[in-house]
Amino acid sequence: MSYPGPGAIHRQCILCGRSFRVWTYELRKPNRAKFCGRECYFESRRVFSTALSDGRLDAILADELEAIRRKRVTRKMDDWMARKLAS
Ligand SMILES: [Zn+2]
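Just so you know, these numbers come straight off a predicted model, no measurement behind them.

## Section: the overall build of the chain
- When you go through the chain residue by residue, the secondary structure sums to two helices and two strands.
- For the chain, the sequential pattern of α-helices and β-strands runs β-β-α-α.
- Whereas a compact globule of 87 residues would reach a radius of gyration of roughly 12 Å, the chain reaches 20 Å, over 25% beyond that.
- The 87 residues of the chain split such that 2% are buried.
- Sequence-distant contacts in the chain: of pairs separated by 6 or more residues, those separated by 24 or more amount to 12%.

Below you can see the structure in the form of C-alpha cells.
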C-alpha cells in the first residue's frame, strides 16, 4: 500500500509529549496527527471536558463560546419563528 506525498515524520503528542510517527499527508487534515494513540485522545477529551466545566477555559475560549451561544440562540429563534409561521 502506498501513501500519497512524501514519507513519514515524527511529531510529539500534545498530551503526553511522546514522539510518534505520522504521514505528512495527515498534517493537511484538520484535527489529525495530534495524539500518539487513542488513549491520549480520549484522555484529552476527559481533561478538556473537566476544565471546560470548571470554567478554567472561559478566558481562553471566550470568543468561541460566545459564537456557539449566539448560534444556539439564533437557531432557537429560527425554530420559534418557524413554529409561529406554521400555526
Ligand atoms: Zn500521547
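## Topic: the domain arrangement of the chain
- As far as domains go, the chain holds domain 1 (1-56) and domain 2 (58-87).
- One C-alpha centre belongs to domain 1, the other to domain 2, and the line joining them spans 31 Å.

## Focus on helix α2 (residues 62-86)
- For α2, built from 25 residues, the straight-helix expectation of 36 Å at 1.5 Å per residue is met to within 8% by its first-to-last C-alpha distance of 36 Å.
- α2 sits mainly on the outside: zero of its 25 residues count as buried.

## Quick word on the pairing of strand β2 (residues 19-23)
- One ladder, built from five bridges, connects strand β1 (residues 8-12) with β2; its direction is antiparallel. Within β2, the residue paired with I9 across the bridge is V22.
- Taking the residues that link successive antiparallel strands as the turn, the β1-β2 hairpin has six residues, and the phi of G17 there is positive, at about 85 degrees.

## Overview of helix α1 (residues 38-54)
- Spanning 17 residues, α1 covers 24 Å between terminal C-alpha atoms, matching the ideal 24 Å at 1.5 Å per step.
- For α1, a buried count of zero out of 17 residues is recorded, marking the element as mostly open to its surroundings.
- With its phi angle positive at about 85 degrees, G55 sits one or two positions after the end of α1.

## Some thoughts on unusual backbone geometry
- Of note in the backbone geometry, A33 takes a positive phi value of approximately 60 degrees without being a glycine.
- Counting through the fold element by element, A33 comes out in the loop between β2 and α1.

Calculation rules
Residues numbered from 1 in each chain as written. Predicted model: local features only at pLDDT ≥ 70, side-chain atom pairs only at ≥ 80, totals over all residues. Helix = DSSP H or I, 4+ residues; strand = E, 2+ residues; numbered from the N terminus. Rg over C-alpha atoms; globule rule 2.2 N^0.38 Å. Buried ≥ 20, exposed ≤ 12 C-beta atoms within 10 Å, placed from the backbone. Contact = placed C-beta atoms within 7 Å. Domains from an automatic or database assignment. Expected span 1.5 Å × (residues − 1). Pairing = 2+ DSSP bridges.

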